[in-house]
Amino acid sequence: MGAKLTPEILTVLERQAIEVPSWAYGNSGTRFKVFGTPGTPRDPWEKIADAAQVHKLTGLAPKVALHYPWDKVEDYTKLRQYANDLGVELGTINSNTFQADEYKFGSLTHEDPAIRRQAVEHHFECIEVMDATGSQDLKIWLADGSNYPGQADMRGRQDRLAESLEQIYARLSGDQRMVLEYKFFEPAFYHTDVPDWGTAYAQVAALGERAMVCLDTGHHAPGTNIEFIVMQLQRLGKLGSFDFNSRFYADDDLIVGSADPFQLFRIMFEVLRGGGLDADTPIAFMLDQCHNVEDKVLGQIRSVLNVQEMTARALLVDREALRVAQQSGDVLGAQEVFMNAFYTDVREELAAWRETRSLPADPMAAYRESGYAEKIAAERVGGVQAGWGA
């Protein structure tokens with residue numbers, strides 16, 4: 001068949017960039033056990049060093065997202081320079097209002113105005129970190145909610161959330177943005193204050209154009225048509241960022257594309273259909289995964305490659321033929337166009353293209369052969385940086 005990835009397709013792929021999360025390189029586990037691994041970072045600096053390996057070998061991960069205060073340091077200007085020296089930048093700042101005792105019954109939605117103020121001021125600190133790191137996005141995910149009917153005033157909590165978000169949004173400056181992440185359950189099981197894209201959209205739409213929605217691909221009930229949500233948020237101009245991961249049951253935080261590669265393909269097709277990889281796209285693409293049993297750096301390399309591969313396949317969809325079939329009501333013809341692209345193996349072409357960009361054809365093999373894993377295992381004795389928790 002000859003080359004499938006045309007120069008036009010490669011031009012789009014050249015623009016693809018995926019933030020990797022600092023916490024993916026730390027110790028992680030289930031709610032029953034956190035597993036230690038050789039070479040665990042001892043501080044945020046070493047997390048960034050690991051993240052830089054992913055970009056060095058794939059050319060796909062130019063930014064590292066931070067979690068505050070998990071990644072708290074004395075001098076963020078120095079941390080920014082350190083990252084730059086390693087060939088990466090600091091990206092999204094993720095807030096944390098779910099680990100302090102005061103937040104047992106909520107943070108930005110709490111009944112007590114003093115606790116709400118504490119949560120708001122935490123986000124002010126995050127914005128100060130953004131000022132020092134040059135980060136564009138402040139990502140907010142809340143554990144706020146309730147476990148029993150009657151436990152909480154759901155409407156009152158929405159009102160308090162709107163008030164709190166308004167204060168945080170007003171503190172942003174320049175091109176800084178707020179992205180509000182939703183999750184339909186856990187750790188609140190009866191109701192969650194931001195459980196779905198509609199609630200997140202309603203809250204950010206009231207704030208302004210620099211308030212957006214973050215879509216975590218693992219934060220949906222089984223059977224949810226995630227690509228429809230992608231389409232709708234893009235259509236409304238409110239899809240600010242992705243948290244890529246994969247799941248079998250709930251918020252499993254597995255390697256993106258591992259459980260359902262066809263779903264990742266469908267998502268990336270809608271991203272492309274909506275202009276999500278245009279040069280001026282407002283969408284920030286990020287991973288949010290916990291590597292419990294696999295090597296952390298390899299897990300991140302595999303993840304960004306999975307996204308690249310499914311993006312390449314989505315770019316192969318013959319949109320003109322698809323549209324003709326859609327307009328004529330040719331159900332099976334349209335589906336055949338779609339599936340032909342999904343079933344096309346682009347791995348060899350991507351490997352060859354990487355080599356033209358002075359990247360290893362096989363980044364996974366290149367990492368294994370680099371000796372980096374053995375080096376950090378020998379150097380980082382006693383590393384206990386957590387991927388989640390503290």
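Residues numbered from 1 in each chain as written. Predicted model: local features only at pLDDT ≥ 70, side-chain atom pairs only at ≥ 80, totals over all residues. Heavy atoms only, no water.

(A) Fine view of the overall build of the chain. If you tally the helices and strands in the chain, you get 14 helices and 12 strands. Taken against the 2.2 N^0.38 rule, which gives 21 Å for 390 residues, the C-alpha radius of gyration of the chain at 21 Å falls within 12% of a compact globule. Considering the chain as a whole, with its 390 residues, one finds that 55% of them fall into the buried category. A fraction of 79% describes how many contacts in the chain between residues 6 or more apart in sequence connect residues 24 or more apart. The chain carries 38 positive and 57 negative side-chain charges, and their two centres are separated by 1 Å. (Helix = DSSP H or I, 4+ residues; strand = E, 2+ residues; numbered from the N terminus. Rg over C-alpha atoms; globule rule 2.2 N^0.38 Å. Buried < 20%, exposed > 50% of the residue type's maximum accessible area, 1.4 Å probe, protein only. Contact = heavy atoms within 4.5 Å. Lys, Arg positive; Asp, Glu negative; His and termini not counted. Charge placed at Lys NZ, Arg CZ, Asp CG, Glu CD.)

(B) Structural view of the pairing of strand S11 (residues 239–244). With 6 of its 6 residues buried, S11 lies for the most part within the structure. The pairing of strand S10 (residues 211–216) with S11 spans 4 bridges and is parallel. In the sheet register, Leu-215 faces S11, and the bridge partner there is Phe-242. Read from S10 through helix H7 (residues 226–235) to S11, the crossover connection turns out right-handed. Note that S11 and strand S12 (residues 284–287) share 4 bridges and pair parallel. Bridge assignment links Asp-243 to a residue of S12, and that residue is Met-286. Handedness of the S11-helix H8 (residues 261–273)-S12 crossover: right-handed. (Pairing = 2+ DSSP bridges. Right-handed = clockwise from strand over helix to strand, strands pointing away.)

(C) Fine view of the sheet that holds strand S8 (residues 177–181). Pairing within the open sheet is parallel, and its 8 strands lie in the order S1-S4-S5-S6-S8-S10-S11-S12. Strands at the two margins of the open sheet, each flanked by one partner only, are strand S1 (20–21) and S12. Pairing analysis gives 4 bridges linking strand S4 (residues 63–67) to strand S5 (residues 89–94), with the strands arranged parallel. Within the sheet, the bridge partner assigned to Leu-66 lies in S5 and is Ile-93. In this fold helix H6 (residues 197–205) packs onto S8 and S10, with an angle of close to 160° to the strand it touches most, S10. (Axes fitted to C-alpha atoms, helices over the stretch in contact; angles between N-to-C directions.)

(D) View of the nonpolar core. In terms of nonpolar packing, the biggest core is built from 101 residues, with Val-20, Leu-108, Ile-140, Leu-215, Phe-242 and Phe-244 touching the most fellow members. Once residues within four sequence positions are removed from consideration, Leu-108 is found in contact with Arg-116, Ala-119, Val-120, His-123, Ile-140, Leu-142, Asp-144, Arg-160, Leu-161, Ser-164, Leu-165 and Ile-168. (Core = buried A, V, L, I, M, F, W, Y, C linked by side-chain atoms within 4.5 Å.)

(E) Molecular detail of the pairing of S5. The element S5 is extensively covered by neighbouring structure, given that 5 of its 6 residues are classed as buried. What joins S4 to S5 is helix H3 (residues 76–85), and the crossover it makes is right-handed. Sheet topology places S5 next to strand S6 (residues 137–140); 2 bridges connect them, and they run parallel. Residue pairing across strands places Ile-93 opposite Leu-138, the latter belonging to S6. In the classification by handedness, the crossover that spans S5, the intervening helix H4 (residues 113–133) and the parallel S6 is right-handed.

(F) Quick peek at the packing of aromatic side chains. With the rule as written, the count across this model stands at 16 aromatic pairs. Clustering of aromatic rings is evident, with ring pairs tying together Phe-262, Phe-265, Phe-269, Phe-338, Phe-342 and Tyr-343. Lying across the ring of Trp-353, Arg-357 places its NZ or CZ 4.5 Å from the centre. (Phe/Tyr/Trp six-rings, centres within 6.5 Å; stacked < 30°, edge-to-face > 60°. Lys NZ or Arg CZ within 6 Å of the ring centre and 35° of its normal.)

(G) Region of the structure containing the state of the cysteines. Considering all chains together, one arrives at 0 disulfides under this definition. No disulfide involves Cys-126; its sulfur sits 15 Å from that of Cys-214, the nearest cysteine. Since its relative accessible area comes to 0%, Cys-126 is described here as buried. Here Cys-290 is not disulfide-linked; the sulfur of Cys-214 is the nearest cysteine sulfur, at 15 Å. Look at Cys-290 and you get buried, because its relative accessible area is 15%. (Disulfide = S-S within 2.5 Å.)

(H) Spotlight on the packing of helix H9 (residues 296–315) against helix H13 (residues 363–370). Two elements in contact, H9 and H13, have axes whose closest approach is 10 Å; the angle formed by their N-to-C orientations is 165°. For the element pair H9 / H13, the angle class is roughly antiparallel. Pair H9 / H13 crosses with right-handed handedness. Across the interface between the two elements, Val-297, Leu-298, Ile-301, Arg-302 and Leu-305 from H9 touch Pro-363, Met-364, Tyr-367 and Arg-368 from H13. Within the contact of H9 with H13, the residues separate by chemical class into 7 nonpolar, no polar and 2 charged. (Parallel < 35°, antiparallel > 145°, perpendicular 65-115°, else oblique. Left-handed = near helix turned anticlockwise from the far one by under 90°. Nonpolar A, V, L, I, M, F, W, Y, C, P; charged D, E, K, R; others polar.)

(I) Focus on H9. The first and last C-alpha atoms of H9 sit 29 Å apart over 20 residues, in line with the 28 Å expected at 1.5 Å per residue. With 19 of 20 residues buried, H9 lies mostly within the body of the structure. At the N-terminal end of H9, a side-chain oxygen is found 3.1 Å from the backbone nitrogen of Val-297, two or three residues along, and the residue is Asp-295. (Expected span 1.5 Å × (residues − 1). Polar contact = N/O pair within 3.5 Å; in protein donor to acceptor, adjacent residues only side chain to side chain.)

(J) Structural view of the pattern of salt bridges. Inspection of every chain in the model, using the stated rule, returns 17 salt bridges. Glu-111 serves as the salt-bridge partner of Arg-160, at 3.6 Å between the closest nitrogen and oxygen. Here Arg-160, found in helix H5 (residues 154–171), pairs with Glu-111, found in the loop between S5 and H4; they are 49 residues apart in sequence, far enough to count as distant. Its relative accessible area of 12% is what places Arg-160 among the buried residues. Owing to a relative accessible area of 51%, Glu-111 belongs among the exposed residues under this scheme. (Salt bridge = Lys/Arg side-chain N within 4 Å of Asp/Glu carboxyl O.)

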